[in-house]
Amino acid sequence: MSTPEERPARLEVGVVGAGRVGAVLGAALARAGHKVVAASAVSDASRARAAALLPGIPLLPVEEVVARAELLLLTVPDDALIDLIAGLTATHSWQAGQIVVHTSGRHGVKVFEPAAGHHIIGLALHPAMTFTGTPMDLTRLTDCCFGITAPEVLRPVAEALVVEMGAEPVWIAEEQRERYHAGLAHGANHLVTLVAQAMQVLASAGVEHPHRVIAPLLNAALDNALRLGDAALTGPVARGDAGTVAAHLRQLADETPDVRATYLALARATAERALASGRLTASAAEPLLDILAVPKELP
């Protein structure tokens, strides 16, 4: 099998936004045999990432990156994407036939409608992964899925680009794009908050190395949840142990306000799901839901 260095480069790639995602995906495409020709980077951190992951690639203004690229990556925050496309359209920066990929989870390909008259090939390829902006991410891509949305005729192009980067393409309908992104954000982003809060509580209980204590428990819980769903649930809510939950809420009263509020919200959601699935009986749920119904002073 030939190496990327031995294969001729097939597309000239430009990266608009050499942040954690853009620099890594540019490097992944280079590894697949494409040629990264330019990138844009504003912050010192982005410039450092570009130097590490895209060495020797010129850092240019956005319009010049667009002008050089056959395959253009728009790796900017969701809320900036619409304005970026509008700006490039207003300045007639696009090239006819140019493949333009954005990595927003929220948006599909309708976001490209303002540029329709410029005959670009718009694709939405969202990596369902959290990025560090380091070479470690290139390894993680091989275990990653991309949520892809594209016109049906361009589906093979979108899938091929994802496979070339070492990942697995998963088709997301245009109208389901925001729901898809909500599921990912709810799971991954809120997990970080939950774990940080749990370690905070353990530290306040005098645990010297909270991460060491909680890591095996979290790893097992995540593995069980991914395999079994709601059936993996254990703990005081699943048992209807209202007294224990009340004790927890008392102890969390002097933590930062977000911790007790999160516990309440998640305990209510857990109780409702356990009740709906039959893991928690109505009689056991009643006193528990009473405690969780409205924030109040606990006995």
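See the structure above.
Residues numbered from 1 in each chain as written. Predicted model: local features only at pLDDT ≥ 70, side-chain atom pairs only at ≥ 80, totals over all residues. Heavy atoms only, no water.

Participant: Could you clarify how one ought to interpret the overall build of the chain in this entry?
Facilitator: Looking only at helices and strands, one finds 12 helices and 7 strands in the chain. For the chain, the C-alpha atoms occupy an extent of roughly 70 × 40 × 40 Å along the three principal directions. Counting every position in the chain, which comprises 299 residues, the buried fraction comes to 39%. Counting contacts in the chain only where the partners sit at least 6 residues apart, residues at least 24 apart contribute 61% of the total. One way to put it: in the chain the 23 positive side-chain charges average out to a point 3 Å from where the 31 negative ones average out. (Helix = DSSP H or I, 4+ residues; strand = E, 2+ residues; numbered from the N terminus. Buried < 20%, exposed > 50% of the residue type's maximum accessible area, 1.4 Å probe, protein only. Contact = heavy atoms within 4.5 Å. Lys, Arg positive; Asp, Glu negative; His and termini not counted. Charge placed at Lys NZ, Arg CZ, Asp CG, Glu CD.)

Participant: Mind showing me how you'd approach the packing of helix H10 (residues 242-251) against helix H12 (residues 282-293) here?
Facilitator: Helices that pack against each other are described as a pair by the angle of their axes relative to one another and the distance between those axes. Relative orientation of the contacting elements H10 and H12 amounts to 15 degrees, with a least axis distance of 9 Å. When the axes of H10 and H12 are compared, the pair comes out roughly parallel. Here H10 and H12 pass one another in a crossing that is right-handed. Contacts between H10 and H12 involve Ala242, Val245, Ala246 and Leu249 from the first element and Pro287, Leu288, Ile291 and Leu292 from the second. Its residues assigned to classes, the contact of H10 with H12 comprises 8 nonpolar, no polar and no charged. (Axes fitted to C-alpha atoms, helices over the stretch in contact; angles between N-to-C directions. Parallel < 35°, antiparallel > 145°, perpendicular 65-115°, else oblique. Left-handed = near helix turned anticlockwise from the far one by under 90°. Nonpolar A, V, L, I, M, F, W, Y, C, P; charged D, E, K, R; others polar.)

Participant: Sorry, what's going on with the environment of Gly17 here?
Facilitator: Mapped onto the elements of the fold, Gly17 is located in the loop between strand E1 (12-16) and helix H1 (20-31). Spatially, the C-alpha atom of Gly17 lies 46 Å from that of Val245, the residues being 228 residues apart in sequence.

Participant: Before we go on, may I ask you to explain the sheet that holds strand E6 (residues 145-149) in this structure?
Facilitator: Ordered by their spatial adjacency, 7 strands build an open sheet running E2-E1-E3-E4-E5-E6-E7, and the pairing between neighbours is mixed. Two strands bound the open sheet, and with one partner strand each, they are strand E2 (35-40) and strand E7 (168-171). Pairwise comparison of adjacent strand axes, ignoring direction, gives a mean angle of 25 degrees for this sheet. The pairing of strand E5 (residues 121-127) with E6 spans 4 bridges and is antiparallel. From the neighbouring strand, Leu125 faces E6, where its bridge partner is Ile148. Contacting E5 and E6, helix H7 (residues 177-204) crosses the sheet at an angle of about 20 degrees to E5. (Pairing = 2+ DSSP bridges.)

Participant: I'm lost on the side chain of Thr149 in this one. Help?
Facilitator: Relative to the assigned elements, Thr149 resides in strand E6. The exposure class of Thr149 is buried, given its relative accessible area of 2%. Polar side-chain contacts of Thr149 include one of 2.6 Å to the side chain of Arg177. In contact with Thr149, not counting residues within four places along its chain, are Gly108, Val109, Leu123, Ala124, Trp171, Ile172, Ala173, Glu174 and Arg177. (Polar contact = N/O pair within 3.5 Å; in protein donor to acceptor, adjacent residues only side chain to side chain.)

Participant: For this particular structure, what's the right way to read H7?
Facilitator: Across its 28 residues, H7 extends 40 Å between first and last C-alpha, which sits within 8% of the 40 Å expected from 1.5 Å per residue. When the local axis directions of H7 are compared, the greatest deviation, roughly 30 degrees, occurs at Leu191. Listed in full, the buried residues belonging to H7 are Arg177, Tyr180 and Gln197. At its buried positions, H7 is contacted by E5, E6 and helix H11 (257-277). (Expected span 1.5 Å × (residues − 1). Bend = angle between axes of the 7 residues up to and from the residue.)

Participant: Sorry if this is basic, but what is going on with the pairing of E2 here?
Facilitator: Moving residue by residue along a regular strand, the side chains alternate between the two faces of the sheet. In terms of burial, E2 is largely enclosed, as 5 of its 6 residues are buried. Pairing analysis gives 5 bridges linking E1 to E2, with the strands arranged parallel. Paired with Glu12 across the two strands is Lys35, which belongs to E2. Taking the sense of rotation as the criterion, the β-α-β connection linking E1, H1 and E2 turns out right-handed. (Right-handed = clockwise from strand over helix to strand, strands pointing away.)

Participant: I would appreciate a short explanation of the environment of Thr75 in the present structure.
Facilitator: With respect to the element layout, Thr75 can be found in the loop between strand E3 (71-74) and helix H4 (78-90). On the basis of relative accessible area, Thr75 is assigned to the buried category, the value being 11%. Linking Thr75 and Ala23, residues 52 residues apart in sequence, is a C-alpha distance of 8.9 Å. Apart from residues no more than four positions distant in its own chain, Thr75 is found in contact with Val15, Val16, Gly17, Val21, Gly22 and Thr103. One polar contact links the side chain of Thr75 to the main-chain carbonyl oxygen of Gly17, over a distance of 2.6 Å.

Participant: Teacher, can you tell me more about the environment of Thr134 here?
Facilitator: Checked against the element boundaries, Thr134 lands in the loop between E5 and helix H5 (136-140). With near-sequence residues (within four places) excluded, Thr134 lies in contact with Val24 and Leu53. Among the polar contacts listed, one links the side chain of Thr134 to the side chain of Thr132, at a separation of 2.6 Å.

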